[in-house]
Amino acid sequence: MLKPLHLLSAVCAAAVLLPPIPAQCAELTGTLKAIQARKAIRIGFARDAYPMSFVADSGEAQGYSIDLCRHIAEAAGKAVGVDALKIEYVPVTLDERFDAVASGKIDIECATSTITLSRLEKVDFTSMSFVDGGSLLVKKGSAIRNVAGLVDETVAVIPGTTSDKALRAALAKSYVNAKVIPVKDHPEGLAAVESGKATAYASDRVLLVGLLAKSRQPGDFEMAPGQFSYEPYGFVVRRGDADFRLLANRTLARLYRSEEIARIFDKWFGKLGKPGDVLVLMYALNALPE
């Protein structure tokens, strides 16, 4: 069992002394008003981003991000005065996720969306929920250790993702001439490497680990040790909806101040060891005081 995150131990005890999340005023607005009216919160999620957000064999949405958002849903139910708030899980693709939030199709997107300044022009994000970096999935024994090793090679990536943008920037910075080919999702990226169509598949490290865990022959592949990007994850919410964003951030901060975040981490990543120093620091920095 994962021990409590040591950098948070000084504040964990204080969490139990905090009052409940205060109820919102009677005149609810924005997302909270919509949640109260339908007596349900709509959580958008990714179908194939194991272990962050995925469809389990039972057909239910599960994952690290989903567990965090269930706490946000519980807090929303208390805030709007609905004791048994229903959670409606809505699958969204990488292409439609931001439009789904902006249009009101979903109230919050809980998967692996990287916080970027350009995305903040259209939607808002909660406090950080995870920290990752882009890497390369290659065949076992490959000589490729980083982007610099992709000279005259073919690399697959999902178009429009932060991994796509960061990969192309890293290739240009390193003066590497590589062919970048598009794939529609993670399984297709793995298949491209398996078939030899691509030498490598580029994505976030945590997603590559999850992809290998679910693959038929995980021993046939490995991850290159080098990283080519910084990926700070957050949950997507509607732009300008301060009340709902505050509720989500307050919930995350309280989780990060408690031992519950250690339990959730251990549930999804325990087999990989303890959280790295960067992730522990992220929890500490986002454990905002009341």
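Above this text is the structure in question.
Quick caveat: nothing in here was measured; it's all calculated off a predicted structure.

1. Considerations on the pattern of salt bridges
Item 1. Per the counting criterion, the structure on display carries 16 salt bridges.
Item 2. Across the pair aspartate 99 and lysine 122 runs a salt bridge, and its minimum N-O distance is 2.0 Å. Of this pair, aspartate 99 sits in helix H4 (residues 97–103) while lysine 122 is found in the loop between strand S6 (108–109) and strand S7 (124–132), placing the two residues 23 residues apart along the sequence.
Item 3. Aspartate 99 sits in the partly exposed class, given a relative accessible area of 40%.
Item 4. Classification of lysine 122 by relative accessible area gives partly exposed; the value is 42%.
Item 5. In the salt-bridge network here, residues are joined through shared partners; they are Arg250, Arg254, Arg257 and Glu290.

2. Focus: the nonpolar core
Item 1. In this structure, Tyr64, Leu68, Ile72, Ile108 and Tyr256 are the most contacted members of the largest nonpolar core, which totals 50 residues.
Item 2. For this core, the element with the most residues is helix H3 (residues 64–80), which contributes 10 residues.
Item 3. If near-sequence neighbours (up to four positions away) are discounted, tyrosine 64 is found in contact with Pro51, Met52, Ser129, Phe130, Ile261, Ile264, Trp268, Phe269 and Tyr283.
Item 4. Judged by nonpolar contacts, the second largest core, of 18 residues, contains Ile144, Val155, Val180 and Phe228.

3. Some points on the packing of aromatic side chains
Item 1. With the rule as written, the count across this model stands at 10 aromatic pairs.
Item 2. Members of the aromatic cluster, connected to one another through ring pairs, are Tyr64, Phe130, Tyr233, Phe265 and Phe269.
Item 3. It is lysine 214 that lies over the ring of tyrosine 50; its NZ or CZ is 4.7 Å from the centre.

4. Describing the sheet that holds strand S10 (residues 179–182)
Item 1. The strand order across the open sheet built from five strands is S10-S9-S11-S8-S12, with neighbouring strands paired in mixed fashion. Each end of this open sheet is capped by a strand with a single partner; those strands are S10 and strand S12 (221–223). Strand after strand, the sheet turns through a mean of 30° between neighbouring axes, direction not considered.
Item 2. Across four bridges, the pairing between strand S9 (residues 154–157) and S10 is parallel. Opposite alanine 156, over in S10, you have isoleucine 181 as the bridge partner.

5. Structural notes on the side chain of threonine 126
Item 1. Take threonine 126: it is sitting in strand S7.
Item 2. For threonine 126, the residues in contact, after removing those within four places along its chain, are Ile115, Gly234, Phe235, Val237, Arg245, Ala248, Asn249 and Leu252.

6. Digging into the state of the cysteines
Each disulfide consists of one covalent bond between the sulfur atoms belonging to two cysteines.
Item 1. For the coordinates displayed, the defined rule picks out one disulfide.
Item 2. Shown here is the disulfide that connects cysteine 69 with cysteine 110, its sulfur atoms set 1.9 Å apart. Between cysteine 69 and cysteine 110 the disulfide shows an S-S torsion of about -90°. By sign, it is left-handed. With cysteine 69 in helix H3 and cysteine 110 in the loop between S6 and S7, the pair connects residues that are 41 residues apart, well separated along the chain.

7. Description of helix H9 (residues 260–269)
Item 1. In terms of burial, H9 is a largely internal element, seven of the 10 residues being buried.
Item 2. Taken together, the buried positions of H9 are Ile261, Ala262, Ile264, Phe265, Asp266, Trp268 and Phe269.

8. What about the environment of lysine 78?
Item 1. Here lysine 78 shows up in helix H3.
Item 2. Residue classification places lysine 78 among the exposed residues on the basis of a relative accessible area of 57%.

9. Section: the packing of helix H2 (residues 30–38) against helix H8 (residues 242–256)
Item 1. Orientation of H2 relative to H8, taken along the N-to-C sense of each, is 85°, at an axis distance of 5 Å. The angle between H2 and H8 falls in the class roughly perpendicular. Taken together, the residues of H8 that come into contact with H2 (itself represented by Thr31, Leu32 and Ile35) are Asp243, Phe244 and Leu247.
Item 2. Classifying every residue of the contact of H2 with H8 gives four nonpolar, one polar and one charged.

Conventions used here
Residues numbered from 1 in each chain as written. Predicted model: local features only at pLDDT ≥ 70, side-chain atom pairs only at ≥ 80, totals over all residues. Heavy atoms only, no water. Salt bridge = Lys/Arg side-chain N within 4 Å of Asp/Glu carboxyl O. Helix = DSSP H or I, 4+ residues; strand = E, 2+ residues; numbered from the N terminus. Buried < 20%, exposed > 50% of the residue type's maximum accessible area, 1.4 Å probe, protein only. Core = buried A, V, L, I, M, F, W, Y, C linked by side-chain atoms within 4.5 Å. Contact = heavy atoms within 4.5 Å. Phe/Tyr/Trp six-rings, centres within 6.5 Å; stacked < 30°, edge-to-face > 60°. Lys NZ or Arg CZ within 6 Å of the ring centre and 35° of its normal. Pairing = 2+ DSSP bridges. Axes fitted to C-alpha atoms, helices over the stretch in contact; angles between N-to-C directions. Disulfide = S-S within 2.5 Å. Parallel < 35°, antiparallel > 145°, perpendicular 65-115°, else oblique. Nonpolar A, V, L, I, M, F, W, Y, C, P; charged D, E, K, R; others polar.

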